[in-house]
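What follows is the residue order along each chain.
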Amino acid sequence: MSTRTLVSPLALARPRGKAVYWTVFSGVVLLFAVAFLFPVYWMVTGAMKSPDEVTRTPPTLVPHGLHLSGYTDAWDLMDLPTHLWNTVVQAAGAWLLQLVFCTAAAYALSKLKPAFGKVVLGGILATLMVPAQALVVPKYLTVADLPLIHTSLLNSPLGIWLPAVANAFNLYLLKRFFDQIPRDVLEAAEIDGAGRLRTLWSIVLPMSRPVLGVVSIFALVAVWQDFLWPLMVFSDTDKQPISVALVQLSQNIQLTVLIAAMVIASIPMVVMFLVFQRHIIAGISAGSTKG
């Protein structure tokens, strides 16, 4: 079966067609690279400019001098180690709990076939239709006075962890991947004497590493970049994550120092993406096809 493309193989075989194709292709790739990387370059170099140069009109594309004091001042004046550690604790806890409970729920809905499983799944997916802003007030009232035990989770990492567990999108992503695991593999494990939990731990999870990597990235990034919910949960400045602290402490800070703090805050997510990008692509491609 032949593959249809925008440019015919006959046109690509000609020298002129090949030159035009690669010229257009290189131009489009370069355009997208500039569009995505230029803001990053502008942020990194903006922190290296002097306070007068960063506000100059028209702006300078290349700093006249490299002033690294903005990064050191941001690290010390804005107490970035404390807020970065708060963010790591909140993101790691939300990631771990979400991975455990979403994986267990997805496995149950996919392979254990509980009673009214489709109804439960439909109710979970229906929450995706509700705007996140509409759930802020109910979540806050619940966290401020936890039902039954009447305990406040404000200024506690639990106020971030527990709401993050209820992630319908990641649960559905895991379920769709589990649906593709052949039933014969699970039946073979059952014949060998493996129980439901052992099958999940020894068979399903090792086969689900790509999608678990994708879910992990989504869970960590969601907590790391969230602003509104941590702002409502943490009134104590010393317990606030980096996203909230940057805004709260930016009033009396020079612009170069604030830009440097934003660069430092974005480094962990960029490094994590570069390290796990292969797993992300593999997980997305694995969940996009069936069979």
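As the structure is a prediction and not an experimental result, all values here were calculated from the model.

Here is what the cut-offs are and how they apply
Residues numbered from 1 in each chain as written. Predicted model: local features only at pLDDT ≥ 70, side-chain atom pairs only at ≥ 80, totals over all residues. Heavy atoms only, no water. 1 Å grid on protein atoms, 1.4 Å probe; cavity = no way out; pocket = protein on both sides within 12 Å on 5 of 7 lines; lining within 4 Å. Points joined across faces, edges and corners; volume = space filled by probe spheres on them. Helix = DSSP H or I, 4+ residues; strand = E, 2+ residues; numbered from the N terminus. Nonpolar A, V, L, I, M, F, W, Y, C, P; charged D, E, K, R; others polar. Buried < 20%, exposed > 50% of the residue type's maximum accessible area, 1.4 Å probe, protein only. Polar contact = N/O pair within 3.5 Å; in protein donor to acceptor, adjacent residues only side chain to side chain. Axes fitted to C-alpha atoms, helices over the stretch in contact; angles between N-to-C directions. Parallel < 35°, antiparallel > 145°, perpendicular 65-115°, else oblique. Left-handed = near helix turned anticlockwise from the far one by under 90°. Contact = heavy atoms within 4.5 Å.

Enquirer: Just give me the short version of the layout of surface pockets, but keep the residues and values in it.
Expert: Considered as a void within the structure, the largest pocket measures approximately 910 Å³ in volume. The wall of the largest pocket is formed by 28 residues, among which Ala132, Leu135, Lys139, Pro163 and Ala166 lie closest to the centre. Elements with a contribution of two residues or more to the lining of the largest pocket: α7 (136-144), α8 (158-165), α9 (168-179), α12 (209-225) and α13 (228-233). Of the residues contributing to the lining of the largest pocket, the split by class is 22 nonpolar, 4 polar and 2 charged. There is about 280 Å³ of room inside the second largest pocket. Along its surface, the second largest pocket is lined by Val221, Trp224, Gln225, Ile242, Ser243, Leu246, Met262, Ala265, Ser266, Met269 and Val270. When residues of the lining of the second largest pocket are traced back to their parent elements, those giving at least two are α12, α14 (242-248) and α15 (255-288). Per-element accounting of the lining of the second largest pocket gives the leading share, 5 residues, to α15. Across the lining of the second largest pocket, the residue classes tally to 8 nonpolar, 3 polar and no charged.

Enquirer: A description of the environment of Trp229 should follow, citing residues and the corresponding values.
Expert: Relative to the assigned elements, Trp229 resides in helix α13. Judged by relative accessible area, which is 6%, Trp229 ranks as buried. Sequence separation between Trp229 and Gln133 is 96 residues, and the spatial gap between their C-alpha atoms is 9.8 Å. There is a polar contact of 2.9 Å between the side chain of Trp229 and the backbone oxygen of Gly159.

Enquirer: Account for the packing of helix α5 (residues 80-112) against α9, naming residues and giving values.
Expert: One way to put it is that α5 packs onto α9 with a least axis distance of 8 Å and a crossing angle of 45°. If you check the angle between α5 and α9, you find them oblique. At the point where α5 passes α9, the crossing takes the right-handed sense. Seen from α5, the contacting residues are Gln98, Cys102, Thr103, Ala105, Ala106, Tyr107, Leu109, Ser110 and Lys111; seen from α9, they are Asn170, Leu171, Leu174, Lys175, Phe178 and Asp179. Broken down by class, the residue content of the contact of α5 with α9 amounts to 8 nonpolar, 4 polar and 3 charged.

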